[in-house]
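Fold and geometry: a report
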Amino acid sequence: MISIVKPEINIDFLGRRWIAFMLSSILILASILSIVLKGGLNFGIDFAGGALVQVRFTNETTPGEIRKVLNEIGLRDSIIQQYSEKGGNEYIIRFKNTSSKNEGLSDRVQETFQKRYGQNGFEIRRVEVVGPQVEKELRYKALMALIYGMIGILVYIGFRFEFRFALGGVLALVHDVTVTIGAFSITDREFTLPVLAAVLTIVGFSINDTIVIYDRIRENRRKMAGKKLELIMNSSINETLSRTILTSGTVLFVVIALFILGGSVIHDFAFALIVGVIAGTYSTVFVASPIVLLWEKFFPGKKGKRR
Amino acid sequence: MSGNLRWKALLIAIVTIVSLVYLSASISDQFPEWWPKKQIKLGLDLQGGTHLLLEVETSKAVENAVERVSGDLKDSLLKKGIRYSKLERVSGKEILVEFQSSAYMDKLKEVLDSEFFNLKELPTKDDKGSLSVRLGLSDKEVEHIEKFAVDQGLETIRNRIDQFGVSEPIIQRQGEKNILVQLPGIKDIKRAKDLIGKTALLEFKLVDDEHSIEDASTGNIPSGDEVLYQKIVDREAERVVNKPYLLKEKTLMTGDVITDAKVRIDSQYQTPYVTMEFDNRGKRLFDRITAANVNKRLAIVLDKNVYSAPVIQERISGGSAQITGSFTAEEAHDLAIVLRAGSLPAPVRYIEERTVGPSLGRDSIHSGVISIIIGGIVVILFMMFYYKLSGVVANMALILNIILIMAAMAAFQATLTLPGIAGIVLTIGMAVDANILILERTREELLLGKTPRSAIDAGYDRAFRTILDSNLTTLITAALLFQFGTGPVKGFAVTLTIGIVASFFTALFVTRFIYDLVLTKRRVRTLSI
């Protein structure tokens, strides 16, 4: 039998909760600070509106060259980025949201390129244009999905376990989401619709992890009745430690495969998952359970009924 | 095999075979007639194509209706000898009527009550002695017009796309006044967008030859007239000249009488033009118009652009007309389509466009498949290495899981998107979690000194509740993603949901069956775990 973790392992996780709280606070603070200092998140066009055109040119060209062509039709407000994948002459051109100007923008770009580079000199690989109403709706829906997701999970865990457990679980989620979004801000990555999907997946994954430990705590409270909650939690975390490491490890492997091989569209999505899986695993051990302890310390009267 | 096990074996065999049958259609098409042929549907991001969201400017439809009603009201008042000093459409959706005497005002109210049920009087801020009335359409009427504008617009766009010829387009209403159009595999997106978005309001108007266009061009437009332009494309010099026309504002006939439109080629210049056929009402109308205006010029106006303004040589009772202009063959073809399909009751605007070129789609499929394979292999190797034979059992469940997901996608005709593929890859990771939970638990029980049989029983029993809880919470998030997500994100939610349900079956039921089968057949001393 190969074991990553020895069965008799007993690490005092909860004893180190203050160090963990400090680390978490630093991470969250850094995330918030980065978002505030950079003037909000770097929203992709899904949430900020605007237009994006991805073009592959047959012959070599430069951003300056492309800008000159675009200036001719009065599109001065563009960001031109070389696209790193497979090297070569692929560019992503972004336009800020200027409401009326977006209409027919992609067509105008195509026409101008056709004049300059010829019919076969370029290929438009992707076009995205998001108008202001759509962008507003997408942002609203995204926020709602996150909020309802948290509420749904809060209710479910509250129903299956106890309220203070649900609180610990949801705070762990807030932690994970904040850190992931913060990582996007710190690394200057764009926050797009697929990234939001990734964040919601992290919510699902992290709560998964948390529930496994909570489940063990519930079981052990029956077995170890009379013992201190801290002790029960510690042994529960230790007992499930090998599972936590194995599952997080395999999922991490898989998302790293996605990150490296999944192609450009999946790239940021996978990055969010990598950060989220690490944060989720950490928070399960160091945030979700300690919060329950903390709650008991401040509200000792409300021990809650045991199920 | 005991009876219980036999039933389980049968169920698993049926599920597997049905899945393989459904999956087969996506891999090969050489199957007999009766074979289920549902293939996995690829999203626009994988097969290439365009996703367009249009907003119907319903307020324009209301304004047009108000304009029409105010014309009717003018006619009606004139007929009854009710004199007004002013009657015009103001601030978009209101009609302002002013009178010289209050007697006429009362008569207006009579006319309104007897003929114009859809008009209502709007409250005025002016003092009592005022001799003006503001009128507006009733709320019900406005609601009706807006609804009609979207419904009719949807129908017209569907007609146009059908005639344009796109395979498996999606055209549906979204929200109150948006229309979603998805065109898979389309190449010339600009052309498609022009075709869909054209209002295509065809009008016949008389040219005002009594006043000079030069005079009107300086801003001195006679009342009841308007200036519209003809775009003349000079292909050699690559420029467009706008030629102005002074037209009577009144529209004599619109394109709603057209029954058919076809492209013809001019025999002399080899240039394409479009001929139109009118229905009976149109024939009568056209006959009357041409009879009354011989030697005058009749302008053919499409979306406020003059196409031609031929002189009416004689009365035309045949009931057809033609539009000439400097068209390319494609433009003429598309113009014929929009004339046949009819005009949009209100203009539309594109508020969202997402286009993926076919080559990018292919690249995405390629990288998606590679990540599924690599992710799968990594997990399978790890499980075999770590759990030995028990890992092999878990791997069988995992492979069956992937087959089930794909088969379910084909059977339910769910759309596979790139995030959907990511969902499958993630499910591989998550499905393994169920097995890890069970196997870790079984190991614990073995360490307590239990026999393989009872350790496995306990492992499954204890892990069941945990797996149920964790799967249900993931389902909650998947449901929310589906509810609030759009397009590709929805695809992710779909595969995630199918994956969770499938893994519940494979990781709990199928693996359990394998252990039961092995452990009842022979006495196992030590478990390879």
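Residues numbered from 1 in each chain as written. Chains lettered and ligands numbered in written order. Predicted model: local features only at pLDDT ≥ 70, side-chain atom pairs only at ≥ 80, totals over all residues.

**Thoughts on the overall build of chain B**
Cut-off, in case you're wondering: Comment: elements are numbered from the N terminus, with helices defined as DSSP H or I runs of at least four residues and strands as E runs of at least two. Radius of gyration means the value over C-alpha atoms here, while the globule rule gives 2.2 Å times the residue count to the 0.38 power. Exposure classification rests on a simple neighbour count of other C-beta atoms within 10 Å of a residue's own: a residue reaching 20 or more is buried, one at 12 or fewer is exposed, and one in between is partly exposed. C-beta atoms are placed from the backbone. By definition, residues are in contact whenever their C-beta atoms, placed on the basis of the backbone, come within 7 Å of each other.
Broken down by element type, chain B carries 13 helices and 19 strands. Over its C-alpha trace chain B gives a radius of gyration of 35 Å, far above what one expects of a compact globule, namely 24 Å for 529 residues. If you line up chain B on its principal axes, its C-alpha atoms span 110 × 70 × 40 Å. The buried share of chain B, reckoned over its 529 residues, is 41%. Summarising the internal contacts of chain B: among those between residues at least 6 apart in sequence, 69% fall at separations of at least 24.

**A word on the domain arrangement of chain A**
What counts here: Segmentation of the chain into domains, including their bounds, is taken from an automatic or database domain assignment.
Here chain A is partitioned into domain 1 (14-44 + 134-298) and domain 2 (50-130). Each of domain 1 of chain A and domain 2 of chain A has a C-alpha centre, and these two points are 39 Å apart.

**Let's talk about the pairing of strand E6 (residues 132-137) of chain B**
The two faces of a sheet get side chains in turn, since along a regular strand they alternate between them. All names here are of chain B. Here is the rule: Strand pairing is assigned whenever DSSP identifies at least 2 bridges connecting the two strands.
Here strand E4 (residues 94-98) runs beside E6; their pairing, made up of 5 bridges, is antiparallel. Counted as the bridge partner of Ile 95 is Leu 135 from E6. In this structure, strand E5 (residues 119-122) lies alongside E6, joined through 4 bridges in antiparallel fashion. Paired with Lys 120 across the bridge in E6 is Gly 136.

**Concerning the sheet that holds strand E8 (residues 178-184) of chain B**
Note on sheets: strands pair through backbone hydrogen bonds, and any given pair is parallel or antiparallel. Just so we agree on the cut-off: Angles here are taken between N-to-C directions and fall from 0 to 180 degrees, while the axes themselves are lines fitted to C-alpha atoms, restricted in helices to the stretch in contact.
Taking strand neighbours across the sheet as the criterion, the 8 strands line up as E2(A)-E3(A)-E1(A)-E4(A)-E18(B)-E2(B)-E8(B)-E7(B) in an open arrangement whose pairing is antiparallel. Single-partner strands in this sheet number two, and they are strand E2 (78-82) of chain A together with strand E7 (170-174) of chain B. Averaged over all pairs of adjacent strands, the angle between strand axes in this sheet comes to 20°, irrespective of strand direction. Packed on one face of the sheet, helix H5 (residues 139-164) of chain B meets strand E2 (49-56), E7, E8 and strand E18 (348-356) of chain B and runs near 170° to E7 of chain B.

**Structural notes on unusual backbone geometry**
Residues and elements named next belong to chain B. Within the chain, Asn 295 stands out as a residue other than glycine whose phi angle is a positive 75°. One can find Asn 295 in the loop between helix H8 (280-292) and strand E15 (298-302). At Gln 413, a position not held by glycine, the phi torsion is positive, near 55°. Residue placement: Gln 413 occurs in the loop between helix H10 (358-411) and strand E19 (415-416).

**Digging into the interface of chain A and chain B**
On the chain B side, the residues contacting the 57 residues of chain A number 56 residues. Ranked by residue count, the leading element in the side of chain A that touches chain B is helix H5 (residues 132-160) of chain A, at 13 residues. Pairing analysis gives 5 bridges linking strand E4 (residues 122-130) of chain A to E18 of chain B, with the strands arranged antiparallel. In the sheet register, Val 129 of chain A faces E18 of chain B, and the bridge partner there is Glu 353 of chain B.

**Some thoughts on the nonpolar core**
Quick reminder of the rule: To form a nonpolar core, buried Ala, Val, Leu, Ile, Met, Phe, Trp, Tyr and Cys residues must be joined through C-beta atoms within 7 Å.
In this structure, Val 199 of chain A together with Leu 339 and Leu 481 of chain B are the most contacted members of the largest nonpolar core, which totals 212 residues. Per-element accounting of this core gives the leading share, 18 residues, to H10 of chain B. Ignoring sequence-local partners within four residues, the contact set of Val 199 of chain A consists of Val 177, Thr 180, Ile 181, Ala 272 and Gly 276 of chain A.

**A short note on the environment of Phe 161 of chain A**
Residues and elements named next belong to chain A. On the secondary structure map, Phe 161 appears in the loop between H5 and helix H6 (163-186). For the pair Phe 161 and Leu 293, spaced 132 residues apart in sequence, the C-alpha to C-alpha distance is 15 Å. If sequence neighbours within four positions are ignored, Phe 161 has contacts with Ala 166, Tyr 214 and Arg 218.

**Here we look at the sheet that holds E4 of chain B**
Residues and elements named next belong to chain B. With antiparallel pairing, 4 strands are arranged side by side in an open sheet as E3-E4-E6-E5. Both edges of this open sheet fall to strand E3 (86-90) and E5, since each of them pairs with a single strand only. The mean angle between the axes of side-by-side strands here comes to 30°, regardless of whether they run parallel or antiparallel. With 5 bridges connecting them, E3 and E4 associate as antiparallel partners. Residue pairing across strands places Glu 88 opposite Leu 96, the latter belonging to E4.

**Let's talk about the confidence of the model for chain B**
Residue and element names in this part refer to chain B. Stated precisely, the cut-off is as follows: One confidence number per residue, pLDDT, is output by the predictor and ranges from 0 to 100.
Put simply, chain B has an average pLDDT of 86, and 98% of its residues get 70 or more. Across chain B, the element-wise mean pLDDT spans from 81 in helix H7 (residues 213-217) up to 93 in E8. What the predictor reports for the complex is a pTM of 0.79 with an ipTM of 0.84.

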